[in-house]
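# Secondary and tertiary structure notes
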Amino acid sequence: VPLNDPLTGRADLAMIPTSTLESGTLVRGAASQRYGSGAGAGVLHLTSRIGSGTGLSGGVRMESFGGKGLDLRAETSGRRGRLALSVSASRAENDFSFHNPVEPDAAAEVRTNADAAGVHGALTGASGPVSASLRFDRSERGVPGRAGTRVFADSRAEDQSWIATTGIELPEVRGSASYGWHRLGYRASAEDSESAQQVREFRMAGDTDIPSSPLTLGGRLTREEVEGDAIAGSPGRTTIGGRLAAALTAGRFRVDPALSVDVAGDRMVASPEISAAWLINPQTRAWGRVGQGFRFPTFGDLYFASQYQLRANPDLKAERIAFDSEVGVSFRTLSGRVELETSASAWARRTEDPIVWLASSVALWSPRNLGELQASGLDLQVEVVSRGPAEFGWRAQLAGTLQQSRVGFGSNRNPLPYEPGTTGRASFETWRGAAGLRLDIRYTGPRSTSLSATRSLEGFTTVDLSSRYHLDSGSLRFGLFARIANVLNRRYQLIELFPEPGRQFTLRIEARRAAS
C-alpha cells in the first residue's frame, strides 16, 4: 500500500510512528518496478507490527524547541489470532533563532510559524494467513517562507488520511486490497480561506507461484480520483498492471528476469528487467541488474490549484527510465570474534522526460518534462563487527557515495539542483548488556540551488551522539533513550534560505508490561 502523498508524490516518514512498524527493507533499482508507478529508484518496504504476545507499552518524548510526544500500544494474541492498537500524538514549536543568510551581519531572527502537530492511530490484526489494518494520520503545521521575507508568514497546511487494508499470504499465493482517502488543505494567510484537494484510491495486487515451474505471475489494479478547489469535476486514473518473473538457478549462479506491463488510459508502459547474482565463494558475492521503469505525473503535477503562484500542467508525459543498471561485489570474512564486510557498486541511469518544477520570469512555478536526466555513481561501504563475551560488542561502519546527475535538453546539461556530488557516513556503536552508545558522523557535499548553477550551498558535516539503557523490574521493562543531534551546532541549509535549527536534544522514556 503506497504511503506517498498522491498529490505531491512525497513520502513523509514522520507520519509513521516507529511503534507501529515491525521492520523495514530497502528494495533498490529497477527491481522495485513490481510496485508500479513511482517505484523506479527504489522502495522502502515497511512491515506493520501486528504483535506476537499480550501486553501494554508506551513512551514519552521530550525534545528541543518545544518538541514532545506520546505513544501507547496494546496487543493481544490467542488461538483465534492477533490484534494490536497503537495511538500517538506529537507537537513541536520549532521557534529557533538564526542569522539571516541574506543579511549575515544583522541581528539574529527567530523562526516563526514553524510549529507542527500530529496524531496517528493504527489498528492491525491477523488470523492465520489473513491480515487487516486501519490507520489514520493527521498533521497540521506552519509553512514559513524564506528567511528575510514576510511572505507566507502565517500560512498553514494540513494533511489527513485514512487507509484500510486487507491481505492474505499463503505459501504460493499472496494478495492485498486497500482503500485510502487523503486530504491536503492549505491556507496562504490568516485572511484567506482554506483551499483543499482530496484523493480517493482503491488498490488490488497479488501474485502466485506457478506450480512445477520457476515462474511467478502477478497483477495489480489501481483506481484514483481527485477533486477539490480549482479542479473541474473529479478527474481520475485507472491503471492495470501485470508482471511475469522467473527465478533460475544453476549451482552458485542465479538469474531473475521479469517483465512488467502497465496500462493507464491510452498509455502502455513495458518495464523489462533482469538481475543476476554469483556466489563466487562462501566469502565473495557479485551481482548486477539492468532494467527500465516509469513514473506517471502526480495529481499535483496535473491538477494542483494555481492561485498560489503555482500552475499545473495537464499535458505532462510520464517519466521514462530508459536505462537503469548496477554492478557490485561484496566480501565477508570472519576472524575469531571479528567479522568484516565490504561492498562496492557502480550504477548508471538515464531518464527521459523527467518532470521538474521550474519558475518563470515572474516566479510562477509550473512542472514540465525536461528532456533527459543522466546520473551515475559509485557506492562504497565497510563494516566491522566484534561480539565479545558477557554481551559486549561493537560495530564500526564507513560508507561513501560519489555521483553525478545532469539534466536538460539536447547537449545542454546542468547539475540537478540540490543533488550533492559527494556524501559520506561514519558510525561507531558499542554495547554491554542493556546499555549502548552510538556516534554518527555524516557529510553532505556542496549542491547547486538552480538549474543555471549560478548559486550553490556549501557542504556540511554533522555529528550525532545517542545512548540507550534497559532495565527490567518484574513484568515491567523500562527503556531510556537520549540523543544529541548536530553536536557541533552546525548551522547549515538543506534548501536555500531555509535555515536548520542547529543542536537538538531528545530524551525518550518507554515502558512495556507483558501479560503474566
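Residues numbered from 1 in each chain as written. Predicted model: local features only at pLDDT ≥ 70, side-chain atom pairs only at ≥ 80, totals over all residues. Heavy atoms only, no water.

### Examining the overall build of the protein
In terms of regular secondary structure, the protein is built from one helix and 34 strands. The C-alpha radius of gyration computed for the protein amounts to 25 Å, which stays within 12% of the reference 24 Å derived for 516 residues, consistent with globular compactness. Referenced to the eigenvectors of the C-alpha coordinate spread, the extents of the protein come out at roughly 65 × 55 × 45 Å. For the protein, with 516 residues in total, the buried portion stands at 37%. In the protein, the proportion of contacts linking residues at least 24 apart, taken out of those at least 6 apart, comes to 55%. Here the protein displays about 27400 Å² of accessible surface, and carbon together with sulfur accounts for 58% of that area. (Helix = DSSP H or I, 4+ residues; strand = E, 2+ residues; numbered from the N terminus. Rg over C-alpha atoms; globule rule 2.2 N^0.38 Å. Buried < 20%, exposed > 50% of the residue type's maximum accessible area, 1.4 Å probe, protein only. Contact = heavy atoms within 4.5 Å. Areas by Shrake-Rupley, 256 points an atom, 1.4 Å probe, with all protein chains shown as cover.)

### Looking at the nonpolar core
One finds Leu7, Leu184, Val199, Val226, Ile231, Phe299 and Phe304 forming the largest nonpolar core, which totals seven residues. When near neighbours in sequence (up to four residues on either side) are disregarded, Ile231 contacts Gln197, Val226 and Tyr303. (Core = buried A, V, L, I, M, F, W, Y, C linked by side-chain atoms within 4.5 Å.)

### Some thoughts on the side chain of Ser86
Mapped onto the secondary structure, Ser86 falls in strand S5 (residues 81-92). Using a relative accessible area of 3% as the deciding quantity, one classes Ser86 as buried. A polar contact of 2.6 Å, which involves the side chain of Ser86, links it to the side chain of Arg73. With sequence-adjacent residues up to four places away left out, Ser86 is seen in contact with Ser19, Thr20, Leu72, Arg73, His120, Gly121 and Ala122. (Polar contact = N/O pair within 3.5 Å; in protein donor to acceptor, adjacent residues only side chain to side chain.)

### As for the pairing of strand S16 (residues 253-264)
Judged from the seven bridges that link them, strand S14 (residues 236-246) and S16 form a sheet pairing that is antiparallel. Paired with Leu244 across the two strands is Leu259, which belongs to S16. The pairing of strand S15 (residues 248-250) with S16 spans three bridges and is antiparallel. For Ala250, the partnering residue across the bridge sits in S16 and is Phe253. Summarising the sheet, S16 and strand S17 (residues 267-281) pair through 12 bridges and their orientation is antiparallel. Paired with Ala258 across the bridge in S17 is Glu273. Counting the residues that bridge the hairpin from S16 to S17 gives two residues, and of these Gly265 lies at a positive phi of roughly 65 degrees. (Pairing = 2+ DSSP bridges.)

### Details of the pairing of strand S34 (residues 504-514)
Looking along a regular strand, one sees side chains alternate from face to face of the sheet. Pairing geometry for strand S3 (residues 55-63) and S34, over nine bridges, is antiparallel. Paired with Gly59 across the bridge in S34 is Glu510. Bridging between strand S31 (residues 476-485) and S34 involves 10 bridges; their strand directions are antiparallel. Bridge pairing in S34 places Arg477 opposite Arg512.

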